[in-house]
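Structural features, examined
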Amino acid sequence: MSSPHSRLLLRVLIVVGLVTCIVAFFATGLHRALTLETLKNSQHYLAQLRHDSPWMLTAGFFAVYVVVTGLSVPGATILTLAAGAVFGVVAGTLIVSFASTLGALVAMLVARYVLRDTIQSRFASRLKAINEGVERDGAAYLFGLRLLPVFPFFVINLVMGLTNLPARTYYWVSQLGMLPATILYVNAGTQLAGIQSLSEVYSPTLLISFSLLALFPLIARFVVRRLAPRKAYKPWHKPKKFDCNLIVIGGGSGGLVSAYIAATVKARVTLIESHKMGGDCLNYGCVPSKTLIQAAKTAHQINRAAATGLLSEPAATVSFKAVMQRVQQAVARIAPHDSPERYNALGVDVIDGYARLQDPWTVSITLPDGATRNLTARSIIIATGAEPVVPSISGIEDSGFVTSDTVWARFSELDAPPPHLIVLGGGPIGCELAQAFARLGSQVTQIEAGHRLLSREDAEVAALVQASLETDGVDIRTDTKAVECLHDHSGKYLLIQRRDGQIERVPFDQLLCAVGRKARLTGYGLEELGIETNGTVQVNQYLETRYPNIYAVGDVAGPYQFTHMAAHQAWYACVNALFGGFKRYPVDYRIVPWATFVDPEVARLGLNEQEAADKGISVEVTRYKLDELDRAITDDTALGFVKVLTVPGKDRILGVTIVGAQAAELMAEFVLAMKHGLGLNKILGTIHIYPTMAEANKFVAGEWKRQHAPLRILAIMKRYHDWRRR
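Residues numbered from 1 in each chain as written. Predicted model: local features only at pLDDT ≥ 70, side-chain atom pairs only at ≥ 80, totals over all residues. Heavy atoms only, no water.

Looking now at the packing of aromatic side chains. Centre-to-centre distance and the angle between the planes together describe a pair of aromatic rings. Per the counting criterion, the structure on display carries 16 aromatic pairs. Centre to centre, the rings of Tyr720 and Trp723 are 6.2 Å apart; their planes meet at 35°, and the pair counts as tilted. In this pair, Tyr720 and Trp723 are both assigned in helix α26 (residues 711-724), three residues apart and thus about one turn of the helix distant. One aromatic cluster is present, built from ring pairs that chain together Tyr560, Phe562, Tyr589 and Trp594. If you follow Arg505 out to its NZ or CZ, it ends over the ring of Tyr493, 3.8 Å from the centre. (Phe/Tyr/Trp six-rings, centres within 6.5 Å; stacked < 30°, edge-to-face > 60°. Helix = DSSP H or I, 4+ residues; strand = E, 2+ residues; numbered from the N terminus. Lys NZ or Arg CZ within 6 Å of the ring centre and 35° of its normal.)

Here is the structure:
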């Protein structure tokens, strides 16, 4: 593969060559030869040349046409008329059709090679929606543009070269789309003597006809999208009336928000939950884990009290049973926010039961007493969430393992934390729980098959987190595979295989599986209805399944497994379900923040350096270390940094990574900035209270400003001030 320098040199040579050819075209007066008057005067000569040397004239004409269109210089219209005058309608159309398409392809490929990478890297976030649209509907849009002669073809060549439309698609769509105008001009050329100006070729009626023709592919696509669901609905009988406007399956974040919105706009909505209201986040995820993390953090602070000048016992005394009781108390205190009583009072019909789709409008509900009940709804939202993945390890079923769901009930029975806990998984959940239990007194061994922890974060972030966990006593084994669980008279063991192939036996009292979560897909009737699943329920940009009245949100739909994303998707799904007949809204994934609540916390938004490199996006990186922040120093939380990725030379934010105390809270300012297109200059110009951790956001903006100081202007200002002192 050629080096970046050689590719840059080749691009420069191509640009120089193009500019040279274009300058020569005008400098030699060739542009004056491609006029209607010159064509008329040369008509007899060209006819004689065709009679004497038909193949030479054809080849020469074809080559000139390709060069003119490839260079995007004026003259293609005159050449098309000439084709009609010299070769006739049939032969002229064939020559022009292939020559013009080939020249357009050359122009497009040149623009793509010279400009696309630069444009895409500098404006990646803004072009994302355009790229997705071209990938989805590019052929139809190009066909429409080609049919409209009011759009200069050379502009189309340039613009489409900046997209990812395949060259093959570009060629055949261009040839087909330009054919009507080609025929028109070639046919006009056969009557060259009667044409006094190029404007005579088109009449207003003809332009309107072409415009309507250009809209045809888009109209056809719209009709196809409208008719396509009929095939899916064909086997089913639609009810004449419905019991509900909306049925929501699942009482987690996505389901609760969907039901809340529907009730707010006075729709009749039924929410069906088979287990606990509040879903995974309340009962097994965010709420209990963050309560445990806070207890572990408090114990850690007590153990480090001497660092702040306080005298304390050698170590904090942990009542593990009390800690686990505190976890359950936090869940119980928040539970009324998500309770059936609250949602019934809001106007939601909450049903305790197991839901299964019978047809696109009917849900069969199995009640706790075994009875069944059928309800119909115009729209249905699937919000069934996700469950922990249990790795396929020999002997794991007999190991007494726990997951991030079952750990709370199982460990609440213990009087003390597990003496030796093995955590499988180096993702956010695994890291959070490994650190928390280590701080509460467990000897923790963390097993990760990959090269490092937190694989989605930058390497420096993962390294900092690993160092922090190791300081807390976590024994981290990366590049290590869990092979088999064993149990004998002396206890339980996990066989692990290191990257070098060596096998080691690690003892444990409890095994915690935190290797990921998978969508709950089975048992809801999705297979019987033919709703496509591939790890998650497959939905379009409006969160619709193959049936436009059935939606999916949250973990079951992906692509993000965050509580706040489920709530975000719920708004779009609910509004589209209730009001989609008037207007539908595509879900917006542009600004998605998340956090890992280890200590120090890790918060992410947009691109990081790892993703930018993988995608070939040019970024400028600005850092601010928290050990320079006054509040971090006073709070003894000076570990971490704020890192902002911007467009090179501009203050527009492409991504932010924060590692440090309160990182998730600090990220809110950047979320607002990116959502509303505010750059680092706006953050720098905003007053931040002193002393606070939030000042780190202002200081990283100031660091960017310092790196972009106008040196020439400052030099002039220095001279001015020097002069003022004289």
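Back to the text.
Below, the discussion takes up the environment of Pro288. As for its placement among the helices and strands, Pro288 is situated in helix α13 (residues 286-303). For Pro288, a relative accessible area of 1% gives the class buried. Remark: the alpha-carbon pair of Pro288 and Asp405, spanning 117 residues in sequence, is separated by 9.9 Å. Aside from chain neighbours lying at most four places away, what touches Pro288 is Cys281, Leu282, Asn283, Val327, Val331 and Trp408. (Buried < 20%, exposed > 50% of the residue type's maximum accessible area, 1.4 Å probe, protein only. Contact = heavy atoms within 4.5 Å.)

Let us look at the sheet that holds strand β8 (residues 402-403). With parallel pairing, five strands are arranged side by side in an open sheet as β8-β15-β9-β10-β11. The open sheet terminates on both sides in strands that have one partner only, identified here as β8 and β11 (475-477). For strand β9 (residues 420-424) and strand β15 (residues 510-513), the ladder comprises four bridges, and the chain directions are parallel. For Ile422, the partnering residue across the bridge sits in β15 and is Leu511. Sitting on the sheet, helix α17 (residues 428-439) is in contact with β9, β10 (443-447) and β15, with an inclination near 165° to β10. (Pairing = 2+ DSSP bridges. Axes fitted to C-alpha atoms, helices over the stretch in contact; angles between N-to-C directions.)

Bringing the pattern of salt bridges into the picture now. Think of it this way: side chains of opposite charge can pair up when their charged atoms draw near. Inspection of the entire model under this criterion finds 31 salt bridges. Residue Asp479 pairs with Arg499 through a salt bridge whose shortest N-O separation is 3.8 Å. You can see Asp479 sitting in the loop between β11 and β12 (480-488) and its partner Arg499 sitting in the loop between β13 (491-498) and β14 (503-508), a full 20 residues away along the chain. Through salt bridges with shared partners, one network takes in Asp280, Glu387, Asp405, Arg517 and Arg520. (Salt bridge = Lys/Arg side-chain N within 4 Å of Asp/Glu carboxyl O.)

Take Thr69: it is sitting in helix α4 (residues 54-71). A distance of 2.9 Å separates the side chain of Thr69 from the backbone oxygen of Tyr65, its partner in a polar contact. Among the polar contacts made by the side chain of Thr69, one reaches the main-chain carbonyl oxygen of Val66 at a distance of 3.1 Å. Setting aside residues up to four positions removed in sequence, Thr69 forms contacts with Ala76, Ala99, Ser100, Gly103, Ala104 and Ala107. (Polar contact = N/O pair within 3.5 Å; in protein donor to acceptor, adjacent residues only side chain to side chain.)

On the surface, Leu115, Phe154, Val155, Leu158 and Val159 cluster together to form a nonpolar patch covering roughly 410 Å² of accessible area. No other element matches helix α8 (residues 153-161), which puts four residues into the nonpolar patch. For Val159, the location among the structural elements is in helix α8. (Patch = residues over 30% accessible without salt bridge, like charges linked within 9 Å, V, L, I, M, F, W, Y side chains within 5 Å. Areas by Shrake-Rupley, 256 points an atom, 1.4 Å probe, with all protein chains shown as cover.)

At a minimum axis separation of 8 Å, helix α11 (residues 253-264) and helix α20 (residues 563-579) run at an interaxial angle of 40°. Classed by the angle they form, the pair α11 and α20 counts as oblique. Once α11 is placed against α20, the crossing between them reads as right-handed. Contacts between α11 and α20 involve Ser253, Gly254, Val257, Ser258, Ile261 and Ala262 on the former and, on the latter, Thr563, Ala566, Ala567, Ala570, Trp571, Cys574 and Leu578. Taken together, the residues of the contact of α11 with α20 sort by class into nine nonpolar, four polar and no charged. (Parallel < 35°, antiparallel > 145°, perpendicular 65-115°, else oblique. Left-handed = near helix turned anticlockwise from the far one by under 90°. Nonpolar A, V, L, I, M, F, W, Y, C, P; charged D, E, K, R; others polar.)

Moving on, we get to the pairing of strand β21 (residues 641-646). Of all the six residues making up β21, six are buried; the element is thus mostly covered by neighbouring parts of the structure. Residues Phe641, Lys643 and Leu645 of β21 are buried on one face, and the alternating residues Val642, Val644 and Thr646, pointing to the opposite face, are buried as well. Where strand β20 (residues 620-625) meets β21, six bridges bridge the pair, whose relative direction is antiparallel. Looking at the pairing, Glu620 lines up with Thr646 of β21. Between β21 and the antiparallel strand that follows it, strand β22 (residues 653-660), lie six residues; Gly649 among them carries a positive phi value of about 80°.

On to the nonpolar core. One finds Leu292, Trp408, Phe411, Phe437, Val444 and Leu469 to be the most contacted residues of the largest nonpolar core, which totals 35 residues. Those elements giving two or more residues to this core turn out to be α13, α14 (320-334), α16 (407-411), β9, α17 and α18 (459-471). If one sorts the elements of this core by residue count, α17 sits on top with six residues. Contacts of Phe411, omitting those with residues within four sequence positions, involve Phe320, Met324, Val402, Pro418, Leu421, Phe437 and Gln510. (Core = buried A, V, L, I, M, F, W, Y, C linked by side-chain atoms within 4.5 Å.)

Compared with the 24 Å implied by 1.5 Å per residue over 17 residues, the 24 Å span of α20 between its first and last C-alpha is a close match. Buried within α20 we find Met565, Ala566, Gln569, Ala570, Tyr572, Ala573, Cys574, Val575, Asn576 and Ala577. Residues of α20 that are buried make contact with β1 (244-249), α11, β6 (372-382) and β17 (550-552). (Expected span 1.5 Å × (residues − 1).)

So, on to helix α5 (residues 76-87). Along its 12 residues, α5 runs 16 Å from first to last C-alpha, staying within 8% of the 16 Å computed at 1.5 Å per residue. Here α5 has its buried residues at Ile78, Leu79, Thr80, Leu81, Ala82, Ala83, Gly84, Val86 and Phe87. Following α5 by one or two positions, Gly88 has its phi on the positive side, about 90°.

A separate point is the side chain of Thr596. Assignment of secondary structure puts Thr596 in strand β18 (residues 593-596). You can call Thr596 buried: its relative accessible area is 1%. Ignoring anything within four residues of it in the chain, the contact list for Thr596 reads Pro428, Glu432, Leu454, Glu601 and Val602.

Counting buried positions along strand β19 (residues 601-606) gives five out of six residues, so the element sits mostly inside the fold. Where β18 hands over to β19, the hairpin turn is made up of four residues, counted between the paired strands. As paired elements, β19 and β22 share six bridges and run antiparallel to each other. Within the sheet, the bridge partner assigned to Val602 lies in β22 and is Val659.

Here we take up the sheet that holds β18. Taken in spatial order, the five strands of this open sheet run β18-β19-β22-β21-β20, and their pairing is antiparallel. Bordering the open sheet on either side are β18 and β20, each of which pairs with just one other strand. Averaged over all adjacent pairs, the angle separating strand axes in this sheet is 10°, with direction ignored. Across the face of the sheet, helix α23 (residues 663-675) comes into contact with β18, β19, β21 and β22 while running at roughly 170° to β22.

Along the chain, Leu678 turns up in the loop between α23 and α24 (680-684). Among the residues examined, Leu678 registers a relative accessible area of 35% and is labelled partly exposed. Placed 25 residues apart in sequence, Leu678 and Ile653 show a C-alpha to C-alpha distance of 7.9 Å.

For the rest of this paragraph, the subject is the packing of α13 against α17. Where α13 contacts α17, the two axes come as close as 8 Å, and the packing angle between them is 40°. When the interaxial angle is binned, α13 and α17 end up oblique. Here α13 and α17 pass one another in a crossing that is left-handed. When α13 is examined against α17, the residues Ser289, Lys290, Leu292, Ile293, Ala296, Lys297, Ala299 and His300 are found in contact with a partner set consisting of Glu432, Leu433, Ala436, Phe437 and Arg439. Among the residues making up the contact of α13 with α17, the classes are represented as seven nonpolar, two polar and four charged.

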